[in-house]
Amino acid sequence: QVQLVESGGGLVQPGGSLRLSCAASGIIFSRNDLTWYRQAPGKQREPVAAISRGGSTNYADSVRGRFTISRDNAKSTVYLQMNSLKPEDTAVYYCYARDYYTGIVYWGQGTQVTVSS
């Protein structure tokens, strides 16, 4: 059974930090390219940060310089370190994995991040 389980969301003040984690099970983690998406109320889901099997990273312009994506293949976990958070970062954050060889994709259930004073 494949599971992607996000954790680490919560309520934080503007300027604060959070670290999201996504623990995977049931997949060959090292074969997967990984992406963090987010969806704010009334908006489409959008990619935030991605990391390839080889460790290459990409970021949305809105978060570049503030967010850092990383992965630990030994722990089958991907992280999103979020610094200098802004109210516009408020959203449900989702973990996404795509197996490079099969093309099969997997989604987590999401974790809420709220940035508010």
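Residues numbered from 1 in each chain as written. Predicted model: local features only at pLDDT ≥ 70, side-chain atom pairs only at ≥ 80, totals over all residues. Heavy atoms only, no water.

Considering the packing of aromatic side chains
Then, in step 1: One pass over the structure, following the stated rule, counts five aromatic pairs.
Then, in step 2: Taken together, a centroid distance of 4.9 Å and an interplanar angle of 65° make the contact between Y96 and W107 edge-to-face. Here Y96, found in strand β9 (residues 91-99), pairs with W107, found in strand β10 (residues 105-107); they are eleven residues apart in sequence, far enough to count as distant.
Then, in step 3: The partly exposed category is assigned to W107, whose relative accessible area is 37%.
Then, in step 4: Ring geometry for Y100 versus Y101: centroids 5.2 Å apart, planes at 85°, classification edge-to-face.
Then, in step 5: Looking at Y100, the relative accessible area reads 45%, which means it is partly exposed.
Then, in step 6: Assessed through its relative accessible area of 55%, Y101 is described here as exposed.
Then, in step 7: The ring of Y79 has R19 sitting right over it, with the charged end atom 4.0 Å from the ring centre.
Then, in step 8: Directly above the aromatic system of Y94 lies the positively charged group of R45, at a separation of 3.7 Å from the ring centroid. (Phe/Tyr/Trp six-rings, centres within 6.5 Å; stacked < 30°, edge-to-face > 60°. Helix = DSSP H or I, 4+ residues; strand = E, 2+ residues; numbered from the N terminus. Buried < 20%, exposed > 50% of the residue type's maximum accessible area, 1.4 Å probe, protein only. Lys NZ or Arg CZ within 6 Å of the ring centre and 35° of its normal.)

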